[in-house]
Amino acid sequence: MISVASLHVYPVKSCRGIERSSAVVTDAGLEHDREWMIVNPEGRFLTQREEPRLALIETQVDDTRLRLSCAGHGALEVPLNLRGEPREVVVWRHQCMAHDQGDESARWLGELLGRPLRLVRFDPAHRRLSDPDFTGRTPGYSRFADAYALLVLSLASLADRVPARPQLDRERWLAAVFRAIGHRMTTSEARRTRAEHG
């Protein structure tokens, strides 16, 4: 029998996630998952691959606001009712519509990471299709995730990868759902899955 061991939501692409006891599933993944993203002035996405310090940014989201914080740098609160100026942004080869989240968030991120950056929020009116070669005849959608709405990883695969520190690595894998029992991924499958979902 397969059961869900834990659920994780990553409100801002490549920042730290939130473990949830339950989550609303939408057609684009878990509610608020990768709904925000940090971009450079040209609108291109930024991830931990380029900027590892993103892993230090804590996230919280509730009914009224998104909160970002980092030790030694205070916190930033962004109201959920902030629509912001529309702009086009890029995730890999995808061009998406988003809403800029204002100068205050840009200042906070710029001071933290030492470069000009903007925080954007996915435009819910935009439909970003997943690769039909993998979703088949049933279309799949995502927000700012690299490729797909949900990333599912088995704990058996994780234990094979990092047997000494499974909990620590679980927090860094950017997976939405961890299965307690199920298919054990090969090392190459796990590496490819992680690379596709930063």
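Let us look at the structure shown here.

## Re the overall build of the protein chain
Reasoning step 1: Helices and strands together make up the secondary structure of the protein chain, namely 5 helices and 15 strands.
Reasoning step 2: Counting across all 198 residues of the protein chain, residues that qualify as buried make up 46%.
Reasoning step 3: Residue pairs at least 24 apart in sequence account for 60% of intrachain contacts in the protein chain once pairs closer than 6 positions are excluded.
Reasoning step 4: Split by element, the accessible area of the protein chain, about 10400 Å² in all, is 51% carbon and sulfur.

## Some words on the nonpolar core
Reasoning step 1: Ranked by internal contacts, the top residues of the largest apolar core, which has 21 residues, are V12, I38, I57, L66, W108 and L119.
Reasoning step 2: Elements supplying a minimum of two residues to this core: β5 (36-39), β7 (65-69), β8 (75-79) and α1 (103-113).
Reasoning step 3: If one sorts the elements of this core by residue count, α1 sits on top with 4 residues.
Reasoning step 4: Not counting residues up to four positions away in its chain, the partners in contact with L119 are V12, W36, M37, I38, L66, V78, H99, D100, Q101, S105 and L109.
Reasoning step 5: With 10 residues, the next largest nonpolar core counts V89, V91, V120 and F122 among its residues.

## Comments concerning the sheet that holds β7
Reasoning step 1: Pairing is antiparallel across the open sheet formed by 3 strands, whose spatial order is β6-β7-β8. A strand with exactly one partner marks an edge of an open sheet, and here the two such strands are β6 (58-61) and β8. Between one strand axis and the next, the sheet turns through 15° on average, direction left out of account.
Reasoning step 2: Here β6 pairs with β7 via 4 bridges, running antiparallel.

## Some remarks on the packing of aromatic side chains
Reasoning step 1: Applying the stated criterion across every chain yields a total of 2 aromatic pairs.
Reasoning step 2: Pairing F122 with F144 gives two aromatic rings, centres 5.2 Å apart and planes at 80°, and the pair type is edge-to-face. Of the two residues, F122 is situated in strand β11 (residues 118-122) and F144 in the loop between β13 (141-142) and β14 (152-154); the sequence distance between them amounts to 22 residues. F144 matches F122 in its accessibility class, with the two residues each being buried.
Reasoning step 3: In this arrangement the basic side chain of R127 is found over the ring face of Y141, its NZ or CZ atom lying 3.8 Å from the centre.

## With respect to the sheet that holds β5
Reasoning step 1: The antiparallel open sheet is built from 4 strands, whose spatial order is β5-β11-β10-β9. Edge positions in the sheet fall to β5 and β9 (86-91), since each of these pairs with one other strand and no more. Within the sheet, the average angular offset between the axes of one strand and its neighbour, ignoring direction, is 50°.
Reasoning step 2: Here β9 runs beside strand β10 (residues 94-100); their pairing, made up of 6 bridges, is antiparallel. Each bridged residue has a counterpart across the sheet, and for V89 the counterpart in β10 is C96.
Reasoning step 3: Sheet strands in contact with α1 are β5 and β11, and its direction is about 125° off that of β11.

## Here's the deal with the state of the cysteines
Reasoning step 1: Summed over the entire model, instances satisfying the criterion amount to 0 disulfides.
Reasoning step 2: The thiol of C15 is unpaired, and the distance to the nearest cysteine sulfur, on C70, comes to 9.4 Å.
Reasoning step 3: Overall, the relative accessible area of 1% leaves C15 in the buried class.
Reasoning step 4: Residue classification places C70 among the buried positions, given a relative accessible area of 8%.

About the criteria used
Residues numbered from 1 in each chain as written. Predicted model: local features only at pLDDT ≥ 70, side-chain atom pairs only at ≥ 80, totals over all residues. Heavy atoms only, no water. Helix = DSSP H or I, 4+ residues; strand = E, 2+ residues; numbered from the N terminus. Buried < 20%, exposed > 50% of the residue type's maximum accessible area, 1.4 Å probe, protein only. Contact = heavy atoms within 4.5 Å. Areas by Shrake-Rupley, 256 points an atom, 1.4 Å probe, with all protein chains shown as cover. Core = buried A, V, L, I, M, F, W, Y, C linked by side-chain atoms within 4.5 Å. Pairing = 2+ DSSP bridges. Axes fitted to C-alpha atoms, helices over the stretch in contact; angles between N-to-C directions. Phe/Tyr/Trp six-rings, centres within 6.5 Å; stacked < 30°, edge-to-face > 60°. Lys NZ or Arg CZ within 6 Å of the ring centre and 35° of its normal. Disulfide = S-S within 2.5 Å.

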